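Structural characterization, general
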Amino acid sequence: AVGLDVGSTLFEERAELRLGALLGQTRTQLDTGEPSLPESNEKESGLRAAFLWDTLDSRYVPRGGTRLALDLFSPQPALGADQSYRRLSGKWTGARSFGKNTLVGRVRLGTGLGGDMPFYDQFALGGFLELSGYENEQFRGNDVAFGALIFYRELATLTPPLGRGIYLGGSLEVGSIRDTVEILTESKTRFGSSLFLGADTWLGPTYLGLGIAGDGDATAYFLLGRP
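All of the points below concern the structure found in this document. (Residues numbered from 1 in each chain as written. Predicted model: local features only at pLDDT ≥ 70, side-chain atom pairs only at ≥ 80, totals over all residues. Heavy atoms only, no water.)

Another aspect to go through is the pattern of salt bridges. Tallying each qualifying case throughout the model produces 12 salt bridges. Among the ionic pairs, Arg18 bridges to Glu16, the shortest N-O distance being 2.8 Å. In the salt-bridge network here, residues are joined through shared partners; they are Asp5, Glu16, Arg18, Arg48 and Asp71. (Salt bridge = Lys/Arg side-chain N within 4 Å of Asp/Glu carboxyl O.)

This is the structure in structure tokens:
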């Protein structure tokens, strides 16, 4: 994909607004998984709009601030797209600290605005801190609603440029995926939780954790960066 945006920073550079066009091509081939999924080679070119407000002091292990990201993408046959649909998503993160303790809230919403999206562009859930205990992006659908509450306590500080700190924490998560076809995912609400030891380093976030899914399955994680 190749895109071009025009836009501006707003509110003393705490926010930005973008409008643009994207030219793209998507090729999908089945390796393993649901045999009814189609293989395809489709043009996916269209218009996009995005708004970002960001005052977080760290994107991955914040101790304060707020981040709101809104994104709308609409492939257009007039620009050469093989399918026409709309994909609207929003993500909010808020963090507040009390001494060495931090509480982080996350909300993620997405919709196809009543239409069906191709499976490769559907919203995905599953994985560490996004329904912990399930596989990465195990669930897909045209509509998503997700919320998480994360608590962590700073155990030690790191000296720059190594990073910011080492933390012990846990999370409670709930998410709902809705899909009209339900080839990949049964439409229902699911729960996840985790316990983790994490560090905010110059290489990115590092986690050693245990995720427990709402159906009782457990998954161990070692992550350098976000999947």
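Having seen the structure, we can now continue with the description.
A word on the side chain of Arg67. Counting through the fold element by element, Arg67 comes out in strand β6 (residues 65-75). Within the structure, Arg67 has its side chain in polar contact with the side chain of Asp54 (distance 3.3 Å). Aside from chain neighbours lying at most four places away, what touches Arg67 is Leu52, Trp53, Asp54, Leu56, Arg59, Lys91, Trp92 and Thr93. (Helix = DSSP H or I, 4+ residues; strand = E, 2+ residues; numbered from the N terminus. Polar contact = N/O pair within 3.5 Å; in protein donor to acceptor, adjacent residues only side chain to side chain. Contact = heavy atoms within 4.5 Å.)

Bridging between strand β7 (residues 87-98) and strand β8 (residues 101-111) involves 11 bridges; their strand directions are antiparallel. Bridge pairing in β8 links Gly94 to Gly105. Connecting β7 to the next strand, β8, in antiparallel fashion are 2 residues, including Gly99 with a positive phi near 65 degrees. Relative to strand β11 (residues 143-157), β8 is paired through 11 bridges, and the arrangement is antiparallel. When the sheet's bridge partners are listed, Gly110 is paired in β11 with Val144. (Pairing = 2+ DSSP bridges.)

This brings us to the side chain of Asp179. The residue Asp179 is located in the loop between β12 (163-178) and β13 (188-201) in this model. Although Asp179 is buried, it forms no salt bridge, and the closest oppositely charged side chain is Arg140 at an N-O distance of 8.6 Å. Reaching out from Asp179, the side chain makes a polar contact with the side chain of Gln122 at a distance of 3.3 Å. (Buried < 20%, exposed > 50% of the residue type's maximum accessible area, 1.4 Å probe, protein only. Lys, Arg positive; Asp, Glu negative; His and termini not counted.)

Turning to the sheet that holds strand β1 (residues 2-10), a few remarks are in order. Taken in spatial order, the 11 strands of this open sheet run β1-β2-β5-β6-β7-β8-β11-β12-β13-β14-β15, and their pairing is antiparallel. The sheet is open, and its two edges are formed by β1 and β15 (218-224), each paired on a single side. Taking the axes of each pair of neighbouring strands and ignoring which way they run, one obtains an average angle of 15 degrees across the sheet. (Axes fitted to C-alpha atoms, helices over the stretch in contact; angles between N-to-C directions.)

For the peptide bond that leads from Pro160 to Pro161, omega is 10 degrees, which places it in the cis range. Here Pro161 is to be found in the loop between β11 and β12.

Turning next to the pairing of strand β4 (residues 40-43). By the alternation rule, side chains of β4 split into Ser40 and Glu42, which are all buried, and Asn41 and Lys43, of which none is buried. Across 4 bridges, strand β3 (residues 25-28) lies against β4 in antiparallel orientation. What sits directly across from Thr28, in β4, is Ser40.

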